[in-house]
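Fold and geometry: a report
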Amino acid sequence: MIEVTGLTKRYGNHTAVDHLSFKVEKGQIYGFLGPNGAGKSTTMNIITGYLAATEGTVTIDGHDVGLEPEEAKKCVGYLPELPPLYMDMTVEEYLRFAAELKKVPKAERREQVEQVMDMTRIADMRGRLIKNLSKGYRQRVGLAQALLGSPEVLILDEPSVGLDPKQIIEIRDLIRELGKSHTIILSSHILSEVSAVCDHVMIISHGKLVASDSPEGLQKLMSGGQELRLTVKGSYRMLQEAVADMKGIAQMESCGSAPEGCCNVLIRTEKEQDIREALFYLLAEKRLPILSMTLSERSLEDIFLELTGENGEDTVSAGVQGEEDK
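The following paragraphs examine the structure supplied in this document. (Residues numbered from 1 in each chain as written. Predicted model: local features only at pLDDT ≥ 70, side-chain atom pairs only at ≥ 80, totals over all residues. Heavy atoms only, no water.)

Looking at the pattern of salt bridges
For the structure shown, the criterion picks out 17 salt bridges. A salt bridge links Lys 26 to Glu 152; its shortest N-O distance comes to 3.7 Å. Separated by 126 residues along the polypeptide, Lys 26 in the loop between β2 (14–24) and β3 (29–33) and Glu 152 in the loop between α5 (135–147) and β7 (153–157) bring together distant segments of the chain. The exposure class assigned to Lys 26 is exposed, which follows from its relative accessible area of 62%. Glu 253 is the partner of Arg 268 in a salt bridge, and the nearest nitrogen-oxygen pair spans 3.3 Å. In this pair, Arg 268 is assigned in strand β13 (residues 262–269) and Glu 253 in strand β12 (residues 249–254), connecting sequence segments 15 residues apart. The partly exposed category is assigned to Arg 268, whose relative accessible area is 25%. Taken together, the shared-partner salt bridges connect Glu 92, Arg 96, Glu 114 and Arg 126 into one network. (Salt bridge = Lys/Arg side-chain N within 4 Å of Asp/Glu carboxyl O. Helix = DSSP H or I, 4+ residues; strand = E, 2+ residues; numbered from the N terminus. Buried < 20%, exposed > 50% of the residue type's maximum accessible area, 1.4 Å probe, protein only.)

Below, the structure written as structure tokens:
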């Protein structure tokens, strides 16, 4: 559906997008993930024809964005991070205006406007001025204009930025629903949003694609060894002696305070080693009862931080968003 090949965008000596290549298959929801300044918005602006690439090509449904911009743009509905809304228009006036700009045939405009208002659940707001709408409803209006013209592809840049938790859930549900009939590329800082909504994740860092797989595939690819957190009845020294010859343990360390007569430990295993059952029987034999054992699985956030080399500060979190530097 979309093929990006060797895409590069430079601003003077700064390279915002660095020879980026990927394919987007029809009927999937793709998550485009990266820290601030990674080049996500720049890439989306090039795909939609808002920016020209320094090098490389973007093809949408067989149409080169550089050579056939009008045909390519007909295939795409775009919701920028800041929706292009006219605050003194009513919702219906704005959507009719947007339909005219998109060259929707006059005979079809009324029907299409009604259809996208129903799809985004803003029909009850048709007579309200956009400036009087909440942030969540403004996002819905922006999404409705992206749907005008019946594009096969929807490109959504930070669709839930600035929304409250209830509105975020509503937008997620709406995106899932739209994903049944559209191919969607979704840019987000919110890792939980990407893992909950997307079929495929692309992680970009410093303008380069560093990973592309399903959320489950990424976790499997980057899984490495396990982390086990245990509370054991006995001293840490006794535990060290008990597991000294056990295979599969890469590292063990004491962590945090424990009840009297017990110790808390973190055990990291070697890759593809599951030692839980063997550890249980060994410590039972050594009369060091395991009072609790927890397996810590790596989250999409852990994978993101490892692949991008970020320390997690001011770049990304499970629920905090930032505005991307372009």
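A look at the side chain of Thr 43
Structurally, Thr 43 can be placed in helix α1 (residues 40–47). Since its relative accessible area comes to 0%, Thr 43 is described here as buried. Within the local environment of Thr 43, its side chain forms a polar contact with the backbone oxygen of Gly 39, the two atoms lying 2.8 Å apart. If near-sequence neighbours (up to four positions away) are discounted, Thr 43 is found in contact with Leu 7, Val 17, Leu 20, Phe 22, Phe 32 and Ile 204. (Polar contact = N/O pair within 3.5 Å; in protein donor to acceptor, adjacent residues only side chain to side chain. Contact = heavy atoms within 4.5 Å.)

Notes on the layout of surface pockets
Taken as a whole, the largest pocket spans an internal volume of roughly 740 Å³. Forming the boundary of the largest pocket are 23 residues, of which Tyr 50, Lys 73, Val 76, Leu 101 and Lys 102 lie nearest the centre. Going through the elements one at a time, α2 (69–74), β6 (76–79) and α3 (91–101) are the ones with two or more residues in the lining of the largest pocket. The element best represented in the lining of the largest pocket is α3, accounting for four residues. A breakdown of the residues in the lining of the largest pocket according to their chemical character gives 13 nonpolar, five polar and five charged. (1 Å grid on protein atoms, 1.4 Å probe; cavity = no way out; pocket = protein on both sides within 12 Å on 5 of 7 lines; lining within 4 Å. Points joined across faces, edges and corners; volume = space filled by probe spheres on them. Nonpolar A, V, L, I, M, F, W, Y, C, P; charged D, E, K, R; others polar.)

As for the sheet that holds strand β5 (residues 63–64)
Read across the sheet, four strands follow the order β2-β1-β4-β5 without closing on themselves; strand pairing throughout is antiparallel. Every other strand in the sheet has two partners, leaving β2 and β5 as the edge strands with one partner each. When strand β1 (residues 2–11) meets strand β4 (residues 55–60), the two strands line up antiparallel, connected through five bridges. Its bridge partner lying in β4, Thr 5 is registered against Thr 57. (Pairing = 2+ DSSP bridges.)

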